[in-house]
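Understanding the architecture of this molecule
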Amino acid sequence: VGPTVLANTGTDFLLSWKTFAIAGLAYRFGPSLVLRLVTSCYPRDSVRRDELTGEFQALHQWQRLRFVLELVELGVCEGLVVRWANRDLKRLFFSLATKVLLAAQFVVLAVGINIVQLLLASVIFEPEWANGSMLLAVVVLTVCCYLVTGRVRRLVAARSPKRQSTSSMRANPPS
Amino acid sequence: MRLTHASVAVANAFMSEPWDDHYGYELSRRARVRSGVLYPILERWLQQGWLRDGWADHPEQRPQGPPRRYYQLTDIGRRELGQALDVARMDPRFGVIAWAPQY
């Protein structure tokens, strides 16, 4: 058994400084992240957002993890329900459509890179030029996707209803 | 008021100090009720006028922290929750919770 095998054992991983660093970061920043997710379940003008943030900040670090884990249930059962009750289906549809479009852009990019790289590398370039052809394919496809999605996004924005800004919503809260 | 284990426990936590301000996390610990159950109960009692709420700073813990929301029993709330607790104490289903000491 050589040193390489020993270095890959589970015990070494548990005792490594990286594990402690990740655990420390998760302990320090994890609860804040979960709280942010929970509060984002509520509408922007909801009092619950400020209430939960105030409670969270008043707690000690060791109490926060349990508190935010309990809040996940609240965020889903109360926040998302309120959001769903106040939903604007048209806006929701266009928002989802934009997100799906962005995801599709990356899929197209990934598939296209593979295809173009294969074509370029086999037809035009010598095998040792494979990296260069891949770079070229990435650049060409990124520009294409950017142009296409930009056009579609403008189209979607033109058709979607106008959204009220946060500042104007705070100045004129919905009754 | 519809009596449930959670509502009786929260009522008991309120009525242990009926004149004080109560905070969400403190109430959930004292009543041993999850936040997901506690906040809807508080919301319902606020709408019924049994509670009033406000925002208070907590300088002893975090001077620069955001204000906390507190809940306080109204006169109607003290009467209603007192009656509900009396009923719960007679009911064998809630006996232990309704009489549970608060710390």
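Below: a short report on this structure. (Residues numbered from 1 in each chain as written. Chains lettered and ligands numbered in written order. Predicted model: local features only at pLDDT ≥ 70, side-chain atom pairs only at ≥ 80, totals over all residues. Heavy atoms only, no water.)

Under the defined criterion, the tally for this structure stands at twelve salt bridges over all chains. Where R48(A) meets E78(A), a salt bridge forms, and the shortest distance between an N and an O atom there is 3.0 Å. Here R48(A), found in helix α4 (residues 47-58), pairs with E78(A), found in helix α5 (residues 61-85); they are 30 residues apart in sequence, far enough to count as distant. With a relative accessible area of 4%, R48(A) lands in the buried category. Taking relative accessible area as the criterion, E78(A) reaches 14% and is therefore assigned buried. Here E73(A) and R34(B) are joined by a salt bridge, their closest N and O atoms 2.9 Å apart. Within this pair, whereas E73(A) is found in helix α5, its partner R34(B) is found in the loop between α2 (24-31) and α3 (35-47), the two belonging to separate chains. On the basis of relative accessible area, E73(A) is assigned to the partly exposed category, the value being 27%. R34(B) gets classed as partly exposed once you look at its relative accessible area, which sits at 44%. (Salt bridge = Lys/Arg side-chain N within 4 Å of Asp/Glu carboxyl O. Helix = DSSP H or I, 4+ residues; strand = E, 2+ residues; numbered from the N terminus. Buried < 20%, exposed > 50% of the residue type's maximum accessible area, 1.4 Å probe, protein only.)

One open sheet holds the three strands; their spatial order is β1-β3-β2 (chain B), and the pairing between them is antiparallel. Among the strands making up the open sheet, the edge pair consists of β1 (22-23) and β2 (51-56) of chain B. As judged from the two bridges shared by β1(B) and strand β3 (residues 68-73) of chain B, these two strands associate in the antiparallel manner. By the bridge assignment, H22(B) is partnered in β3(B) with Y71(B). Strand contacts of α4(A): β1, β2 and β3 of chain B, with the helix running at about 100° to β3(B), the strand carrying the most contacts. Here helix α1 (residues 5-16) of chain B sits on the sheet in contact with β1, β2 and β3 of chain B, set at roughly 85° to β3(B). (Pairing = 2+ DSSP bridges. Contact = heavy atoms within 4.5 Å. Axes fitted to C-alpha atoms, helices over the stretch in contact; angles between N-to-C directions.)

Moving on to the environment of N12(B). Residue and element names in this part refer to chain B. Residue placement: N12 occurs in helix α1. Assessed through its relative accessible area of 5%, N12 is described here as buried. Separated by 70 residues in the primary sequence, N12 and G82 have C-alpha atoms spaced 8.7 Å apart.

This part covers the packing of aromatic side chains. Under the definition given, this model contains three aromatic pairs over all chains. Note on W45(B) and W50(B): the rings are 6.1 Å apart at their centroids and 40° apart in plane angle, and the pair reads as tilted. Across the pair, W50(B) and W45(B) agree in class, each one buried. Here the aromatic cluster, defined as three or more aromatic residues joined through ring pairs, consists of F14(B), W45(B) and W50(B). Looking at R64(A), its charged tip hangs above the ring of F56(A), at a distance of 4.5 Å from the centre. When the ring centre of Y23(B) is taken as reference, the NZ or CZ atom of R68(B) above it lies at 4.2 Å. (Phe/Tyr/Trp six-rings, centres within 6.5 Å; stacked < 30°, edge-to-face > 60°. Lys NZ or Arg CZ within 6 Å of the ring centre and 35° of its normal.)

We now examine unusual backbone geometry. All names here are of chain B. The phi dihedral of R32 is positive, around 55°, even though this residue is not glycine. Locating R32 in the fold gives a position in the loop between α2 and α3. Owing to a relative accessible area of 68%, R32 belongs among the exposed residues under this scheme.

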